[in-house]
Amino acid sequence: MLIDNITIRVRAGNGGDGTVAFNTNLMSRGPTGADGGHGGSVYFEGVSDLNALSQFSNKKELIAEDGGKGGQQFRDGSDGKDLICKIPVGTVINTIENGNVQEILHIGERILIAKSGHGGRGNFKFRSSTNTTPKESEKGTLGEDFTIRLELKLIADIGLVGLPNAGKSSLLNELTRAKSKVANYPFTTLEPSLGVYYELILADIPGLIEGASGGNLPNQKI
Ligand SMILES: Nc1nc2c(ncn2[C@@H]2O[C@H](COP(=O)(O)OP(=O)(O)OP(=O)(O)O)[C@@H](O)[C@H]2O)c(=O)[nH]1
Ligand SMILES: [Mg+2]
């Protein structure tokens, strides 16, 4: 079943803490505590696969990696990896906490959703002419954490319109990976089905009944 509306949690990685450390070499006792690494950010990227939101049916949290803690001897903490999550073009992204609304319009377009935290500075960065043995360091900042509602707006580029039993669903199935039901009787298709043909969205529309536009509908439900 096509998922077109889902709420998920998105958290960017936290920055790693800076470290307090001193050189163990007797000749030089200076500060060597290094900086924490940056966390990973979370991005959404547009793809043509209309079913891409189904990845969230079981997994409703996207959490990017945290940055590593700063080490001794000037060894900075590792940076967290960015998380790039693919969602269908035409998806509207609602950030619940701040009311921000964005939309992915193109294949390959990338939108930053949750910004990572910065790594904190280690004590080496706090040295000065008046304090050559600083004992302070910074904590990493937190990554952004949001509840996001994703809504897929199904706007087709091309609609296949025709009389019942004309072969519309067969054409859609040939051109795309859609699996619209095909049978040798009219009104097989009762709800529009969609497929992606290169960058175009094709819609297979239920068969048209003669006179329907004039309100002359027979009992058949379309
Ligand atoms: N001979 C022939 N039969 C076709 C062709 N395309 C489809 N058919 C057959 O026509 C019948 C109807 O095909 P569908 O694709 O279900 O037609 P549809 O327009 O979607 O029909 P509804 O959804 O009922 O409006 C099926 O038995 C198909 O196998 C074609 O190019 N040639
Ligand atoms: Mg059909």
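Computed from a prediction, not measured in an experiment: that's the story for all the values here.

Scoring rules and cut-offs
Counting from 1, residues in each chain are numbered in the order their sequence is written. Lettering for chains starts from A, numbering for ligands starts from 1, and both go in the order in which the items are written. Only residues with pLDDT of at least 70 are given local features in this predicted model, and only at 80 or more are side-chain atom pairs given and counted; all residues enter the totals for whole chains, interfaces and linings. Hydrogens and water molecules were not included; the side-chain quantities draw on all heavy atoms of the structure. Any nitrogen, oxygen or sulfur atom within 2.8 Å of a metal ion counts as a donor, with the limit raised to 3.2 Å for Na, K and Ca, and since water is left out, coordination shells can look unfinished. A helix here means a DSSP run of H or I that spans at least four residues, while a strand means a run of E at least two residues long, and both kinds are numbered starting from the N terminus. Each residue's exposure class comes from its accessible area (1.4 Å probe, protein chains only) as a fraction of the maximum for that residue type: buried when under 20%, exposed when over 50%, partly exposed otherwise. In what follows, a contact means two residues having at least one pair of non-hydrogen atoms within 4.5 Å. Within this scheme, the nonpolar core is defined by two criteria: the residues are buried Ala, Val, Leu, Ile, Met, Phe, Trp, Tyr or Cys, and they are joined through side-chain atoms within 4.5 Å. To be near a molecule or strand, a residue needs just one of its heavy atoms within 4 Å of it. Definition of a polar contact: a pair of N or O atoms within 3.5 Å, with one able to donate and the other able to accept a hydrogen when the atoms are protein atoms, and with sequence-neighbouring residues admitted only if both atoms are side-chain atoms. Only the protein chains shown count as cover for residues, and the accessible areas themselves come from Shrake-Rupley with a 1.4 Å probe. Just so you know the grouping, Ala, Val, Leu, Ile, Met, Phe, Trp, Tyr, Cys and Pro go in nonpolar, Asp, Glu, Lys and Arg go in charged, and all remaining residues, Gly too, go in polar. Method remark: on a 1 Å grid restricted to protein atoms, a set of points is classed as a cavity if a 1.4 Å probe fits but cannot get out and as a pocket if it is open with protein on both sides within 12 Å along at least five of seven lines; lining residues have an atom within 4 Å of a point. Grid points are joined across faces, edges and corners, and a volume is the space filled by probe spheres set on the points. Two strands qualify as a pair provided DSSP detects at least 2 bridges between them. For every element, the axis is a line fit to its C-alpha atoms; helices are fit only across the contacting stretch, and the angle between N-to-C directions ranges from 0 to 180 degrees. For Phe, Tyr and Trp, rings pair up if their centres lie within 6.5 Å, where Trp contributes its six-membered ring, and each pair is then called stacked (planes under 30 degrees apart), edge-to-face (over 60) or tilted (otherwise). Start and end positions for the domains come from either an automated domain assignment or a database one.

A few points about the coordination of the magnesium ion (ligand 2)
In the first shell of the magnesium ion (ligand 2), the protein supplies Ser169 (OG) and Thr189 (OG1), at 2.0 Å from the metal. With Ser169 in helix H1 (residues 168-175) and Thr189 in the loop between H1 and strand E10 (193-197), this residue pair connects regions lying 20 residues apart in the sequence. By relative accessible area, which is 11% here, Thr189 ends up buried.

So, the environment of Leu142
Counting through the fold element by element, Leu142 comes out in the loop between strand E7 (110-114) and strand E8 (145-152). Placed 20 residues apart in sequence, Leu142 and Gly122 show a C-alpha to C-alpha distance of 17 Å. In contact with Leu142, other than residues within four places in its own chain, are Asn14 and Gly117.

Some remarks on the nonpolar core
Ranked by size, the top nonpolar core spans 25 residues in total, and within it Phe44 and Leu150 carry the most contacts. Mapped onto this core, the elements with two or more residues apiece are strand E1 (5-11), strand E2 (42-47), strand E4 (83-88), E7 and E8. In terms of residue count, E8 provides more of this core than any other element does, four residues in total.

Observations concerning the site of ligand 1
Surrounding ligand 1, one finds 16 residues, the nearest of these being Ser169, Ser170, Phe187, Thr188 and Thr189. Take Ala166: an N or O atom from its main chain is 3.1 Å from an oxygen atom of ligand 1. Within the backbone of Thr188, an N or O atom sits 2.7 Å from an oxygen atom of ligand 1. Expressed as a share of its isolated accessible area of 650 Å², the protein-covered part of ligand 1 is 62%. Per-class residue counts for the shell around ligand 1 are seven nonpolar, eight polar and one charged.

Section: the layout of surface pockets
Here the largest pocket defines a volume of roughly 460 Å³. Along its surface, the largest pocket is lined by 14 residues, and Asp49, Asn51, Arg177, Ala178 and Leu194 are the ones closest to its centre. Ranked by residues supplied to the lining of the largest pocket, first place goes to E10 with three residues. Among the residues making up the lining of the largest pocket, the classes are represented as seven nonpolar, four polar and three charged.

Structural notes on the pairing of E2
When you tally the buried positions in E2, you get five out of six residues, the bulk of the element. Relative to E4, E2 runs parallel, the two sharing six bridges. Residue pairing across strands places Val42 opposite Leu83, the latter belonging to E4.

Details of the sheet that holds strand E6 (residues 100-103)
Sheet architecture is open: five strands sit in the order E3-E1-E8-E5-E6, paired in mixed fashion. Of all strands in the sheet, those with a lone pairing partner are strand E3 (61-63) and E6, marking the two edges. Strand-to-strand, the axes of this sheet are offset by a mean angle of 25°, without reference to chain direction.

A look at the packing of aromatic side chains
Using the criterion set out here, one finds two aromatic pairs in the structure. Where Tyr197 meets Tyr198, the ring centres are 5.0 Å apart and the plane angle is 75°; that geometry is what we call edge-to-face. According to the relative accessible area criterion, Tyr197 is partly exposed, its value standing at 31%. Under the relative-accessibility criterion, Tyr198 is labelled exposed at 67%.

With respect to the domain arrangement of the protein
As assigned here, the protein comprises domain 1 (5-152) and domain 2 (158-213). In this structure, domain 1 and domain 2 have C-alpha centres spaced 45 Å apart.

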